[in-house]
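Residue strings, one per chain:
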Amino acid sequence: GAGVSQSPRYKVAKRGQDVALRCDPISGHVSLFWYQQALGQGPEFLTYFQNEAQLDKSGLPSDRFFAERPEGSVSTLKIQRTQQEDSAVYLCASGGLAGINEQFFGPGTRLTVL
Amino acid sequence: AQSVTQLGSHVSVSEGALVLLRCNYSSSVPPYLFWYVQYPNQGLQLLLKYTSAATLVKGINGFEAEFKKSETSFHLTKPSAHMSDAAEYFCAVTLGTGGFKTIFGAGTRLFVKA
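Residues numbered from 1 in each chain as written. Chains lettered and ligands numbered in written order. Predicted model: local features only at pLDDT ≥ 70, side-chain atom pairs only at ≥ 80, totals over all residues. Heavy atoms only, no water.

K.L.:
Pulling in residues and values, what's your account of the overall build of chain B?
P.N.:
What chain B contains, in helices and strands, is 0 helices and 11 strands. Going residue by residue from the N terminus, the α and β elements of chain B occur as β-β-β-β-β-β-β-β-β-β-β. By the compact-globule yardstick of 13 Å for 114 residues, chain B fits well, its C-alpha radius of gyration being 14 Å. By the burial criterion, 46% of the 114 residues in chain B qualify as buried. Taking all contacts inside chain B whose residues are at least 6 apart in sequence as the whole, residues at least 24 apart take part in 57%. For chain B, the accessible area works out to roughly 5,300 Å², and carbon and sulfur atoms hold 54% of it. (Helix = DSSP H or I, 4+ residues; strand = E, 2+ residues; numbered from the N terminus. Rg over C-alpha atoms; globule rule 2.2 N^0.38 Å. Buried < 20%, exposed > 50% of the residue type's maximum accessible area, 1.4 Å probe, protein only. Contact = heavy atoms within 4.5 Å. Areas by Shrake-Rupley, 256 points an atom, 1.4 Å probe, with all protein chains shown as cover.)

Here it is, written out as structure tokens:
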């Protein structure tokens, strides 16, 4: 079956531009996570959705970062006024009830801010 | 607060040798522990998980890990390395009982020499 997909796979933005990253989770998955992975580092938690409810956004680095999942399926991570330090791979993962269950990861979106 | 420490950012073994990747965690409540593997240009995939059942957990591709509460460790082992095991390995922890925020270690890159 289809896994988690993310688009675009690569995004180059000029500093100050807004970007939107899309995640299509596995159908029926309740949980959806966003992570930021800097080069040579592990994924860092950004935010978590249970269906359409954003239960935790404590990992979002600043108020320039915003995530939504309005219908409990597709999710979008938006970054406003991008900065060079936002350059990273953004990973989306989905799964069953969170915590105990496996997370299924998408391939990521590599964002480069010039 | 939760944290994960992976000792050794790079580990090199010969084909057929024992693989040992170290992971120590800290958690104020009983944790769920995971090992994920990331092959080049692929998303993370689950190797195995500990969810408070058996302390010795067997995963895919011949990997296993042992939860040792007294040592706060969850080291990953494989008796005999194969060239195809070359990848990045991440240890992760979530709080048990309703927790969902997942903390990843920085990762260990495994090299396998012929």
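K.L.:
Could you give me a rundown of the interface of chain A and chain B, with the residues and numbers involved?
P.N.:
At the interface, 22 residues of chain A touch 18 residues of chain B. Of the roughly 1,600 Å² buried at the junction of chain A and chain B (both faces included), carbon and sulfur atoms supply 59%. Where chain A packs against chain B, one counts 0 salt bridges. Across the chain A-chain B interface, the total number found is 3 residue pairs in polar contact (both at pLDDT 80 or more). Secondary-structure elements contributing two or more residues to the side of chain A that touches chain B are β4 (31-37), β5 (44-50), β6 (53-56) and β10 (103-105) of chain A. With 3 residues, β4(A) is the largest single contributor of residues to the side of chain A that touches chain B. When the residues that make up the side of chain A that touches chain B are grouped by side-chain class, the tally is 11 nonpolar, 9 polar and 2 charged. (Buried area = accessible area lost by both parts, 1.4 Å probe. Salt bridge = Lys/Arg side-chain N within 4 Å of Asp/Glu carboxyl O. Polar contact = N/O pair within 3.5 Å; in protein donor to acceptor, adjacent residues only side chain to side chain. Nonpolar A, V, L, I, M, F, W, Y, C, P; charged D, E, K, R; others polar.)

K.L.:
Report on the pattern of salt bridges, specifying residues and quantitative values.
P.N.:
What the rule picks out here adds up to 6 salt bridges over all chains. Between R64(A) and D86(A) there is a salt bridge, and its shortest N-O distance comes to 2.8 Å. Here D86(A) lies in the loop between β8 (75-79) and β9 (88-95) and R64(A) lies in the loop between β6 and β7 (65-68), a separation of 22 residues in the sequence. There is no split in this pair, since R64(A) and D86(A) are both buried. The closest approach of N and O atoms between K58(B) and E64(B), which form a salt bridge, is 2.8 Å. Judged by its relative accessible area of 62%, K58(B) is exposed. Residue E64(B) is classed as partly exposed on the basis of its relative accessible area of 23%.

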